[in-house]
Structure formats: C-alpha cells, structure tokens
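# What the coordinates show
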Amino acid sequence: MSTQTIEEKQYLVRFKADTKSHLTVLDHDVCLTKCPEKYCTLFCPGEVYKWEGKRMHVGYEGCHECGSCRIGCPYQNIKWEYPKGGYGVIFRLA
Ligand code: SF4
Ligand code: SF4
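Everything numeric here is computed off the predicted structure, so don't read it as measured data.

The rules behind each value
- Residues numbered from 1 in each chain as written.
- Chains lettered and ligands numbered in written order.
- Predicted model: local features only at pLDDT ≥ 70, side-chain atom pairs only at ≥ 80, totals over all residues.
- Heavy atoms only, no water.
- Core = buried A, V, L, I, M, F, W, Y, C linked by side-chain atoms within 4.5 Å.
- Buried < 20%, exposed > 50% of the residue type's maximum accessible area, 1.4 Å probe, protein only.
- Helix = DSSP H or I, 4+ residues; strand = E, 2+ residues; numbered from the N terminus.
- Contact = heavy atoms within 4.5 Å.
- 1 Å grid on protein atoms, 1.4 Å probe; cavity = no way out; pocket = protein on both sides within 12 Å on 5 of 7 lines; lining within 4 Å.
- Points joined across faces, edges and corners; volume = space filled by probe spheres on them.
- Nonpolar A, V, L, I, M, F, W, Y, C, P; charged D, E, K, R; others polar.

What follows deals with the nonpolar core. Counting residues in hydrophobic clusters, the biggest one holds 15 residues, and the most contacted among them are Leu-23, Val-25, Val-48, Tyr-49, Val-58, Cys-69 and Ile-78. Every element with two or more residues in this core is listed here: strand S2 (23-25), strand S4 (56-58) and strand S5 (78-80). Those residues in contact with Ile-78, other than ones at most four positions away along the chain, are Thr-24, Leu-26, Cys-40, Tyr-49, Cys-69 and Cys-73.

Put into structure tokens, the structure is as follows:
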C-alpha cells in the first residue's frame, strides 16, 4: 500500500500545455450576473478557474482532464474538449 500523501502524489503530475486552451468560458457575463457561487472555482481539482473581479481566468495548463466542468457548471457555460493529441496531463504513479 502506498504511503504517499495526496500532496506527494500531486507533485508527480506533469503537464504538457498546448498554446491554445481546450477550455472556454462561453459568456463571462453569465459568471458575473448569474453565478455568485462561482461553482467552478470550488469543484475543479486543478484550481484552473480563478475569478478576477469581472472575468473568469482559465488556467487551462493545469487541467487534470477530469471532466467535472462539463457537467458541474449549472449554466453549461464551459466548452470542454480534450487537449490536442500529445498535450495535456501526464499522470505518474511513482
Ligand atoms: S460555474 Fe459556470 S457560470 Fe458559474 S462561474 Fe463557473 S463558468 Fe461561470
Ligand atoms: S476538467 Fe477537471 S481539472 Fe480540468 S478544468 Fe475541468 S474541472 Fe478542472
């Protein structure tokens, strides 16, 4: 059984970021006016979404590709795609 902590396991995760985001917030006004809870900043394990006062910043480079934001945004306001082949998250077990 592994004795690694979550933090140690997270440290093993690597990313090969594309220059173009595979995640898009479709309408920033919806985030501003209809979603005071900013759910995506809570459920995303990669802390990809950061609210910057009037706009949602999307740090797609740190996406774990878990797919939660496809279903978690109550306004279907996030366009989600897999990163292009050869890019994205790289999980290592040890
Ligand atoms: S959950 Fe959806 S609507 Fe709410 S802040 Fe995030 S992207 Fe915007
Ligand atoms: S797929 Fe998962 S890790 Fe990537 S942005 Fe969406 S919720 Fe965050």
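Counted as a void, the largest pocket has a volume near 160 Å³. Surrounding the largest pocket, 18 residues form its lining, Asp-18, Lys-20, His-22, Pro-83 and Lys-84 being those nearest its centre. Of all the secondary structure elements, the ones that give two or more residues to the lining of the largest pocket are strand S1 (14-16) and strand S6 (88-90). Considered class by class, the residues forming the lining of the largest pocket number eight nonpolar, three polar and seven charged.

Structurally, Gly-62 is set in the loop between S4 and helix H4 (68-72). In this structure, the C-alpha to C-alpha distance between Gly-62 and Gly-88, residues 26 residues apart in sequence, is 8.3 Å. Beyond its immediate chain neighbours, meaning those up to four positions away, Gly-62 contacts Phe-15, Gly-46 and Val-48.

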